[in-house]
Amino acid sequence: MSQNFEDTILALSTGSLRAATALIRISGNSASSTANILGFKLPKQRIASVAVLKDGVRKLDEAVVLFFKGPRSYTGEDVVELHVHGGRTVIEAVINVLQRQDGFRVAEPGEFTKRAVLNGKMDLAKAEGINDLIHAETEAQRVQSFAQVDGALSEIAGDWREKAIKIAAHVEAYIDFPEEEIPENILIGMGDELGQLISDIEKGLDDGRRGEILREGLRIAVIGPPNAGKSSLVNWLSKRPISIISEQPGTTRDVLEVSLDLDGYPVIIADTAGLRESTDSIENEGIKRAQEWAKKANSRLILLEPSTEADFLERLKPNPEDDLVVLNKIDLAPTHLKKKEMISISLKDEIGLDKVLEGLKKIASGKMVGQEPAVITRTRHREALRSSLNSMKSAKEAVFLGEEPEIVAEELRAATRSLGRVFGAVDVENLLDIVFGDFCIGK
Ligand SMILES: Nc1nc2c(ncn2[C@@H]2O[C@H](COP(=O)(O)OP(=O)(O)OP(=O)(O)O)[C@@H](O)[C@H]2O)c(=O)[nH]1
Ligand SMILES: [Mg+2]
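Here the structure is a predicted model, which means the values were calculated and not measured. (Residues numbered from 1 in each chain as written. Chains lettered and ligands numbered in written order. Predicted model: local features only at pLDDT ≥ 70, side-chain atom pairs only at ≥ 80, totals over all residues. Heavy atoms only, no water.)

Asks: I'd like to hear about the packing of helix α3 (residues 111-118) against helix α15 (residues 428-436), residue by residue, with values.
Replies: Orientation of α3 relative to α15, taken along the N-to-C sense of each, is 155°, at an axis distance of 11 Å. On the basis of their axis angle, the class for α3 and α15 is roughly antiparallel. α3 and α15 meet at a crossing whose hand is right-handed. Residues Thr-113, Lys-114, Val-117 and Leu-118 of α3 lie in contact with α15, whose contacting residues are Val-428, Glu-429, Leu-432, Asp-433 and Phe-436. (Axes fitted to C-alpha atoms, helices over the stretch in contact; angles between N-to-C directions. Helix = DSSP H or I, 4+ residues; strand = E, 2+ residues; numbered from the N terminus. Parallel < 35°, antiparallel > 145°, perpendicular 65-115°, else oblique. Left-handed = near helix turned anticlockwise from the far one by under 90°. Contact = heavy atoms within 4.5 Å.)

Asks: Can you explain the site of ligand 1? Please cite residues and give values.
Replies: Taken together, the neighbourhood of ligand 1 is formed by 23 residues, with Lys-230, Ser-231, Ser-232, Gly-250 and Leu-347 sitting nearest. For the shell around ligand 1, the residue count by class is six nonpolar, 12 polar and five charged. (Near = heavy atom within 4 Å. Nonpolar A, V, L, I, M, F, W, Y, C, P; charged D, E, K, R; others polar.)

Asks: Kindly report on the sheet that holds strand β10 (residues 299-304), identifying the contributing residues and their values.
Replies: Taken together, six strands build an open sheet; the order of strands is β8-β9-β7-β10-β11-β12 and the sheet is mixed. Unpaired on one side and paired on the other, β8 (256-262) and β12 (343-344) mark the two borders of the sheet. The pairing of strand β7 (residues 218-223) with strand β9 (residues 265-271) spans five bridges and is classified as parallel. Across the sheet, Ala-221 pairs through a bridge with Ala-270, a residue of β9. The sheet contacts of helix α10 (residues 281-296) involve β7, β8, β9 and β10, and relative to β7 the element is tilted by about 140°. (Pairing = 2+ DSSP bridges.)

Asks: Just give me the short version of the pairing of strand β2 (residues 19-27), but keep the residues and values in it.
Replies: The pairing of strand β1 (residues 8-12) with β2 spans four bridges and is classified as antiparallel. Residue pairing for β2: Leu-12 is matched across the bridge by Ile-24. In this structure, the hairpin formed by β1 and β2 is closed by a connection of six residues. Direction of pairing for β2 relative to strand β5 (residues 79-86): antiparallel, over a ladder of eight bridges. Among the inter-strand pairings, Ile-24 is bridged to a residue of β5, identified as Leu-82.

Asks: So what's going on with the coordination of the magnesium ion (ligand 2)? Residues and values would help.
Replies: Reference geometry at the metal: tetrahedral coordination by four donors gives ideal angles of 109.5 degrees; octahedral coordination by six donors gives 90 or 180 degrees. Bound to the magnesium ion (ligand 2) are the protein donor atoms Ser-231 (OG) and Thr-252 (OG1), situated 2.0 Å from the metal. Here Thr-252 lies in the loop between α9 (230-238) and β8 and Ser-231 lies in helix α9, a separation of 21 residues in the sequence. The exposure class assigned to Ser-231 is buried, which follows from its relative accessible area of 8%. A relative accessible area of 11% means that Thr-252 is categorised as buried. (Donors = N, O, S within 2.8 Å, 3.2 Å for Na, K, Ca; no water. Buried < 20%, exposed > 50% of the residue type's maximum accessible area, 1.4 Å probe, protein only.)

Asks: Just give me the short version of the domain arrangement of the protein chain, but keep the residues and values in it.
Replies: When the domains of the protein chain are assigned, the result is domain 1 (8-119), domain 2 (129-207 + 376-423) and domain 3 (216-368). Here domain 2 and domain 3 have C-alpha centroids that lie 43 Å from each other. Counting from both sides, the interface comprises five residues of domain 2 and, opposite them, four residues of domain 3. Summed over both partners, the interface of domain 2 with domain 3 buries about 380 Å², with 56% contributed by carbon and sulfur atoms. Sorting the residues of domain 2 by area buried against domain 3 places Thr-138, Ala-140 and Gln-141 first, and these three jointly supply 76% of that buried surface. There are zero salt bridges connecting domain 2 and domain 3. Run the count over domain 2 and domain 3 and you get two residue pairs in polar contact (both at pLDDT 80 or more). Taken together, the residues that form the side of domain 2 that touches domain 3 break down as one nonpolar, two polar and two charged. (Domains from an automatic or database assignment. Buried area = accessible area lost by both parts, 1.4 Å probe. Salt bridge = Lys/Arg side-chain N within 4 Å of Asp/Glu carboxyl O. Polar contact = N/O pair within 3.5 Å; in protein donor to acceptor, adjacent residues only side chain to side chain.)

Asks: I'd like to hear about the side chain of Thr-8, residue by residue, with values.
Replies: Tracing the backbone through its elements, the reader meets Thr-8 in strand β1. Each residue touching Thr-8, except ones within four places of it in the same chain, is listed here: Ile-26, Ser-27, Gly-28, Asn-29, Ser-30, Ala-31, Gly-103, Phe-104 and Arg-105.

Asks: Explain the nonpolar core to me, using residue names and the numbers behind them.
Replies: Ranked by internal contacts, the top residues of the largest apolar core, which has 29 residues, are Ile-201, Met-392, Val-408 and Leu-412. Looking at this core, the elements with two or more residues in it are α6 (152-176), α7 (186-205), α13 (379-400) and α14 (405-423). Ignoring anything within four residues of it in the chain, the contact list for Val-408 reads Val-171, Met-190, Ala-395, Ala-398 and Val-399. Core analysis: the next-biggest nonpolar cluster, separate from the first, contains 28 residues, Val-222, Val-258, Leu-353 and Ile-363 among them. (Core = buried A, V, L, I, M, F, W, Y, C linked by side-chain atoms within 4.5 Å.)

Asks: Please provide a residue-by-residue account of the sheet that holds β2, values included.
Replies: Read from one edge of the open sheet, six strands run β3-β4-β5-β2-β1-β6, paired in mixed fashion. Only two strands of the sheet have a single neighbouring strand rather than two, namely β3 (49-55) and β6 (104-106). Between one strand axis and the next, the sheet turns by 30° as a mean value, whatever way the strands run.

Asks: So, α6: which residues are in play, and what are the values?
Replies: With 25 residues, α6 should cover 36 Å at 1.5 Å per step; its first-to-last C-alpha distance of 36 Å lies within 8% of that length. If you check which residues of α6 are buried, you get Leu-153, Ser-154, Ala-157, Gly-158, Trp-160, Arg-161, Ala-164, Ile-167, Ala-168, Val-171 and Tyr-174. (Expected span 1.5 Å × (residues − 1).)

Asks: Before we move on, can you summarise α10 with the specific residues and values?
Replies: With 16 residues, α10 ought to run about 22 Å at 1.5 Å a step, and its terminal C-alpha atoms sit 23 Å apart, in line with that. The set of residues buried in α10 consists of Glu-283, Gly-286, Ile-287, Ala-290, Trp-293 and Ala-294. Down the axis, α10 shows its buried residues gathered within 130° of arc, on one side only. Residues of α10 that are exposed and point over 90 degrees away from its buried face: Ser-281, Lys-295 and Lys-296. Packed against the buried residues of α10 are β7, β8, β9 and β10. Two or three places before Ile-282, at the start of α10, stands the capping residue Asp-280, its side-chain oxygen 2.8 Å from that residue's backbone nitrogen. (Arc of directions from axis to C-beta.)

Asks: Account for the pairing of β10, with residues named and values stated.
Replies: Burial of β10 is extensive: six of the six residues sit out of reach of the surface. Residues of β10 alternate between two faces, with Ser-299, Leu-301 and Leu-303 on one and Arg-300, Ile-302 and Leu-304 on the opposite face, all of them buried. Relative to strand β11 (residues 324-327), β10 runs parallel, the two being bridged by four bridges. Counterpart to Leu-303 in the pairing with β11 is Val-326. Crossover β10 to β11 through helix α11 (residues 309-316) is right-handed. (Right-handed = clockwise from strand over helix to strand, strands pointing away.)

Structure, rendered in structure tokens:
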């Protein structure tokens, strides 16, 4: 994505139309000339004023306009905001006038935020947090992404990075100054500090991937024998007739995913094909897909029915930490022995269904809530932290083995660089495409 930052960019920053108002945002060196182009007087900075927007003599709309003089703006550049009426034709008319001016163009996805990062208005982790906040679909996701906007990850990674830099400085001093001025055991003491830092980062990484799961949604596969009522359960959970239900075993073939909001926790639940030996190649493909999805899932909702319960329990070997076992159709077998490790229900008679919801919520909160809120929300963060941890461990090993201090220093420099990548203190240019790949236009 190569972009010219000399250009002045513009985009509709608000969502779906029609709406009472819509925001067109303009950022860049020539943003203030928007006033001339649209025939209104540029307001004093940060003071809202009402203006009629014109294309020559043709009146386009009456708008509230704002001017933010850089660097005191979202992007750090001059920014003009036009709060127009939220009709498609109004917006098209205004954008058309602006985009035919020399040096003006429509923004690429995420370009406003990218400029903000490049102009030092925010770091990369905060920019990611803003994107997550826009995409948050549940309350817990909102809380987590706002914490990232608020600097939760940047602070912790920044603190680790400062400590690593301090330790590295001691080693550099040991290398640069004559030995007699610096006590011999300084490397040993530094090894202890490094040990503490390593253990702090290890603790941070040992979070069960809670932050990533909350950001992406917990994946739960509904799996079990054919005809057990898997599709009936998924329809009940999603309150929609998403899957076809029939008394014929082998009805569901494709994996059908549904997003649920369980008390603020995002869950992606998948209806799958019933597991059995089949001669039908399409059904077999469905069973293969069911098994693959379940293998990658965070949890399984194993749905059994009385006549095949024992076989499938043996075959699917539930893990109490990850899986929820539910026995359906108890209306057909009222004398069937109830076991405490499974929830007995009847979808037909709506018996025990609340317990399924409770069980799912318990699994969801167990996978997404910890004593401390998670700060690592993406694989990108985890990889950078792991890589810094590896470099620190190599540094510590080198101290232990009494190797040349230059080797220790080199490993510590690598650790510091990796930590800086978490929030973009280093390598920012290389990280931009990764971070801004899924932003929306106008942000
Ligand atoms: N008696 C009884 N029948 C049920 C119950 N739950 C579902 N059924 C019926 O069982 C049959 C199968 O239900 P589905 O939801 O299609 O089952 P499935 O597990 O998705 O089946 P496949 O997609 O073929 O693997 C349907 O006729 C349902 O109406 C229940 O609690 N009791
Ligand atoms: Mg089904």
